[in-house]
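Letter by letter, the chains look like this.
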Amino acid sequence: MRWKKIFKLDDYTFIFTKFDDEVINKKNSSLDQSKSSNFIICSTVDTSTEYRYAIIEVHENSFDDASNKNIDNKACHEVMHVLMAPYANISWKLLQELPSQERKVYKKWRKSEEEEFTSRLADIICSLKKTQRSK
Ligand SMILES: [Zn+2]
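Every value quoted in this text rests on a predicted model; they were computed, and no experiment measured them. Throughout this description, residue numbers start from 1 for each chain and increase along the sequence as written. Whole-chain, interface and lining totals are the exception, using all residues; otherwise, since this is a predicted model, local features are given only for residues with pLDDT of at least 70 and side-chain atom pairs are given and counted only at 80 or more.

Here we look at the overall build of the protein
Formally: Secondary structure counts use DSSP, requiring at least four H or I residues in a row for a helix and at least two E residues in a row for a strand, with both numbered from the N terminus. With C-beta atoms placed from the backbone, a residue is labelled by how many other C-beta atoms lie within 10 Å of its own: buried for 20 or more, exposed for 12 or fewer, partly exposed between the two. By the convention adopted here, residues are in contact when the distance between their C-beta atoms, placed from the backbone, does not exceed 7 Å.
Assigned secondary structure in the protein consists of five helices and three strands. Ordered by position from the N terminus, the helices and strands of the protein form the series α-β-α-β-β-α-α-α. Counting all 135 residues of the protein, 11% fall into the buried class. By sequence separation, contacts in the protein at least 24 residues apart represent 66% of the contacts at least 6 residues apart.

With respect to the sheet that holds strand β1 (residues 13-19)
Applied cut-off: Strands qualify as paired when DSSP identifies two bridges or more between them. Axis lines are fitted to C-alpha atoms, over the contacting stretch for helices. Their N-to-C directions set the angle, which ranges from 0 to 180 degrees.
Across the sheet, which stays open at both edges, the three strands sit in the order β1-β3-β2 with mixed pairing between neighbours. At either end of the open sheet lies a strand with only one pairing partner, and these are β1 and β2 (43-48). Put simply, the sheet's adjacent strands are angled 15 degrees from each other on average, direction ignored. In this sheet, strand β3 (residues 53-59) lies alongside β1 in parallel orientation, the contact comprising seven bridges. Paired with Ile15 across the bridge in β3 is Ile55.

Re the confidence of the model for the protein
In regions of low pLDDT, the predicted coordinates are not meant to be interpreted in detail. Put simply, the test is: Every residue carries a pLDDT, the predictor's confidence in it, which falls somewhere between 0 and 100.
Chain-level pLDDT for the protein is 84 on average; 84% of the residues reach the 70-or-more range. A low-confidence stretch, residues 33-39 (pLDDT under 50), is modelled with three contacts involving residues beyond four sequence positions or located in other chains.

In C-alpha cells form, the structure reads like this:
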C-alpha cells in the first residue's frame, strides 16, 4: 500500500476487512442521533499505537461506484488517521477527565474536528501527489 510507505508507517501492520449494510444498520440503531443524519460510512479505521497495527474496514459497495481517485483519497484519509492516532488518543484520554455531561459535547466536537482536519490533510497530500505525477 503506497500511503503506508509515503507516511513512513512501515512499522505498522495493516489489516483490511469488508463490511455491509447490516453492520451500518446495527451501528445506527445503537447511535440514536445518526438516524437523522445522512452520514454514509464508507470506511473506518481502528488503530492500536501500542501494538502497531491498524484495521481498515471498507464498505463492500465502496468499490462499485467510486472512481479510482476517490478510493485513493479514502485510503489516504484512513492512513492519515493512523498517523494521527497518538494525538487522537491523548485527546480522548483528556476528555475522560471531564464530568460526564460535558464529555458528551466535547466528544462530538473532537470527532468532527478530527474528521475535518484529516480530510483536509488527505486532500492536500492527494493534490500534491497528483501535481508531482503530472510533472
Ligand atoms: Zn475519517
